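Geometric and topological summary
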Amino acid sequence: MDKDEKKFMRKAIRISVNNVEKQKGGPFGAIVVKDGKIIARGSNQVTATNDPTAHAEVVAIRKACKALKTFQLTGCEIYTSCEPCPMCLGAIYWARPDKLYYANSKEDAAAINFDDQFIYDEIAKPVEERKLFTKQVLRDKALEAFEKWKASPNKIEY
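Owing to the predicted nature of the structure, the values given are computational and were not obtained by experimental measurement.

Overview of unusual backbone geometry
As a rule of thumb, non-glycine residues mostly have phi less than zero, and peptide bonds are mostly trans rather than cis. For Gln 23, which is not glycine, the phi dihedral falls at a positive 55°. Mapped onto the elements, Gln 23 comes out in the loop between α1 (3-21) and β1 (29-34). The exposure class of Gln 23 is exposed, given its relative accessible area of 74%. Unusually for a residue other than glycine, Arg 96 sits at a positive phi of about 60°. Tracing the chain through its elements places Arg 96 in the loop between α4 (86-95) and β4 (99-104). You can call Arg 96 partly exposed: its relative accessible area is 32%.

Okay, here's the thing in structure tokens:
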């Protein structure tokens, strides 16, 4: 591990510790770095904002995209104090950074009751076997938007 990786990870960890000390939310912090500079910071804000999507990584991604005026983080690195949950990992892949670094593992998180294994398990199941009732409705009607998107000369691919 090089010096910068350790430096930036320490900053993400510091955010996670501060979040707990200030009673702002869960013990998670993240930063987005581009060209050796911190572009955005994020801490877990789920309980502070009543937003279940306000995980540190998502908060940092939103701030970084706003700062860079783009919806993709190509050329960036994400440092997070913990291995991302399924939602955050999906968001990270959608954001397309060049690299991802994490400190605590998902097993470490599970040991303090942040266990996302049930989500990984549910995603792997066929829809009809999942615990959350899920039913497809009006697909034929909804396809209209997809057809219009496919034919649109003004779409921005992502």
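Next comes the rest of the account.
Digging into the sheet that holds β4
If you trace the 4 strands from one edge of the open sheet to the other, you get β2-β1-β3-β4, paired in mixed fashion. A strand with exactly one partner marks an edge of an open sheet, and here the two such strands are β2 (37-43) and β4. When the angles between neighbouring strand axes are averaged without regard to direction, this sheet yields 15°. Taken together, the 5 bridges between strand β3 (residues 76-82) and β4 define a ladder with parallel strand orientation. Considered in β4, the bridge of Tyr 79 is made with Tyr 101. This element, helix α3 (residues 56-68), spans β1, β2 and β3 of the sheet and lies at about 140° to β2.

Describing the nonpolar core
Val 32, Ile 61, Ala 64, Leu 73 and Ile 78 are the most contacted members of the largest nonpolar core, which totals 16 residues. In terms of residue count, the dominant contributor to this core is α3 (5 residues). Every residue in contact with Leu 73, bar those within four places of it in the chain, is listed here: Val 32, Ile 61, Ala 64, Cys 65, Leu 68, Ala 95, Arg 96, Pro 97 and Asp 98. Judged by nonpolar contacts, the second largest core, of 8 residues, contains Phe 8, Met 9, Ile 31 and Tyr 79.

Cut-offs applied
- Residues numbered from 1 in each chain as written.
- Predicted model: local features only at pLDDT ≥ 70, side-chain atom pairs only at ≥ 80, totals over all residues.
- Heavy atoms only, no water.
- Helix = DSSP H or I, 4+ residues; strand = E, 2+ residues; numbered from the N terminus.
- Buried < 20%, exposed > 50% of the residue type's maximum accessible area, 1.4 Å probe, protein only.
- Pairing = 2+ DSSP bridges.
- Axes fitted to C-alpha atoms, helices over the stretch in contact; angles between N-to-C directions.
- Contact = heavy atoms within 4.5 Å.
- Core = buried A, V, L, I, M, F, W, Y, C linked by side-chain atoms within 4.5 Å.

None of the figures reported here should be taken as evidence of function without further support.
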